[in-house]
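The chain contents come next:
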Amino acid sequence: MREVMFYEKKEKGLVTCRVCPKICSIPEGRAGFCRVRENHGGVLYAVNYGRVTSGGLDPVEKKPLYHFYPGCYILSFGSFGCNLRCGFCQNWTIAHGDPPAREFTPRQAVDIARQEPDRDYPNIGIAYTYNEPFMWYEFIADTAPLAHQAGLKNVLVTNGYVSEAPLREILPHIDAMNIDVKGFTDHYYRKNCAGRLEPVLRTVEIAHGKCHVELTTLLVTGLNDTPEEISRLVDWVASLDREIPLHFSRYFPDFEVDLPPTPLETLERAREKALEKLSYVYIGNAPNLGASDTVCPDCGEKLITRRGYSTQVAGLDGKKCRRCGREIRIKGIT
């Protein structure tokens, strides 16, 4: 355990956690909503500090990040705990369960990541993923600077539900984020995720320009897939930056939701609508749609092809389209 970084001590042994917008008031011997920040003797501790439930070397495209070191790998670590409760959660066994865990120090995590290139794996760094990384805040805050010192990149795969102060403090150590924008109404967040929309939008707005950002929206059948809601999402992304990559992901029944899988037509229509205002729109969990390639927004040249997690840079000269010369915003290509 480690004492958490953003909390306040109150009277009668109460503490208030301030790492996320839930602002949990936690009595002695109890935990916050996330289950991993516990009050012991009036001190708030992160009980998941250094506890790794899942790990593996993943293609960076699996995060998904399509414009960040394409074709490379990243060592992925996750713990347990989450500050949202999405009924369709695909990682619920670790986010909301009690999986077995191994103990790692920040130095051990970095040393493991550094060893991968020695084994001929093109590992670029560490991704904090699988559960909600902001509920693993202290471990990441201790590990990420060490990773940078070792020449490694740090990636967060996150729901974006974090308070502004901890977000701003950790951003200098983060190279890329994939942020879930789960829907585009506050009603959807409150009913289906036990959260709110506005803090997530604020996270995207703050992170954009300070690190590489890509967005993912899981389109859940009948819940957040109307043309009107998708249009509002697209308009908002375009108002920030039309070159932010947006990933629409296909939902499949999981955890507490048993709706039919997202119709392929819904995903195709969403992408077509988004491409009217955004430069790069992808579809995940539906490989037969062929919507994973990166295409030049100006001339239509195929720049990066993806078949599953096999990636080939095909149409770029450096960061420019080989056909028309347009500059393409992609990290990790020189």
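Described below are features of the structure shown in this document. (Residues numbered from 1 in each chain as written. Predicted model: local features only at pLDDT ≥ 70, side-chain atom pairs only at ≥ 80, totals over all residues. Heavy atoms only, no water.)

## Points about the overall build of the protein chain
Threshold: Secondary structure is summarised from DSSP: a helix means a run of H or I of at least four residues, a strand means a run of E of at least two, and numbering begins at the N terminus for each. Burial status follows relative accessibility: with a 1.4 Å probe on protein chains alone, a residue under 20% of its type maximum counts as buried, one over 50% as exposed, and anything between as partly exposed. Working rule for contacts: check all heavy atoms of both residues, and any pair within 4.5 Å makes them a contact. All accessible-area figures derive from a Shrake-Rupley calculation using a 1.4 Å probe, and residue coverage is judged against the displayed protein chains alone. Just so you know, the count uses Lys and Arg for positive and Asp and Glu for negative, and it drops His and the chain ends. Charge positions are represented by NZ for Lys, CZ for Arg, CG for Asp and CD for Glu.
The number of helices and strands found in the protein chain is eight helices and 21 strands. The principal-axis extent of the C-alpha atoms belonging to the protein chain is close to 65 × 50 × 30 Å. By residue count, 55% of the 334 residues in the protein chain fall in the buried class. Here the analysis covers contacts within the protein chain between residues at least 6 apart in sequence; of these, 65% occur between residues at least 24 apart. About 14200 Å² of surface is accessible on the protein chain, with carbon and sulfur atoms providing 48% of the total. Measuring between centres, the 42 positive side-chain charges of the protein chain sit 1 Å from its 42 negative side-chain charges.

## Side note on the sheet that holds strand 19 (residues 310-313)
Rules: By the convention used here, strands pair only if DSSP detects at least 2 bridges between them.
Read across the sheet, three strands follow the order 17-18-19 without closing on themselves; strand pairing throughout is antiparallel. The two strands at the open ends of the sheet, each matched to only one other strand, are strand 17 (294-295) and strand 19. As defined by bridge partners, strand 17 adjoins strand 18 (residues 302-307) across two bridges and the pair is classed as antiparallel. Along strand 18, the bridge assignment pairs Val295 with Lys302.

## A look at the side chain of Glu214
Convention followed: Here a polar contact means two N or O atoms within 3.5 Å. Within protein one must be a hydrogen donor candidate and the other an acceptor candidate, and residues neighboring in sequence count only if both atoms are side-chain atoms.
Along the chain, Glu214 falls in strand 14 (residues 212-219). At a separation of 3.0 Å, a polar atom in the side chain of Glu214 contacts the main-chain amide nitrogen of Tyr66. Separated by 2.8 Å, the side chain of Glu214 and the backbone nitrogen of His67 make a polar contact.

## Some thoughts on the nonpolar core
Using the following cut-off: Nine residue types can take part in a nonpolar core, namely buried Ala, Val, Leu, Ile, Met, Phe, Trp, Tyr and Cys, and a core is a set of them joined through side-chain atoms within 4.5 Å.
With 88 residues, the main nonpolar core has Phe88, Phe134, Met177, Val181, Leu215, Trp236 and Phe248 as its most contacted residues. Looking at which element gives the most residues to this core, the answer is helix 3 (residues 137-149), with seven residues. Once you skip the residues sitting within four places of it in the chain, Phe248 turns out to touch Thr217, Leu219, Ile230, Leu233, Leu267, Ala270, Arg271, Ala274, Val281, Tyr282, Ile283 and Gly284. Grouped together as the second largest cluster of nonpolar side chains are eleven residues, Tyr282, Leu303, Ile330 and Ile333 included.

## Observations concerning the environment of Asn131
As for its position among the elements, Asn131 is in the loop between strand 11 (123-128) and helix 3. We classify Asn131 as buried; its relative accessible area is 5%. Along the primary structure Asn131 and Gly81 are separated by 50 residues, whereas in three dimensions their C-alpha atoms are 6.3 Å apart. Every residue in contact with Asn131, bar those within four places of it in the chain, is listed here: Gly78, Ser79, Phe80, Gly81, Ile94, Ala95 and Val157.

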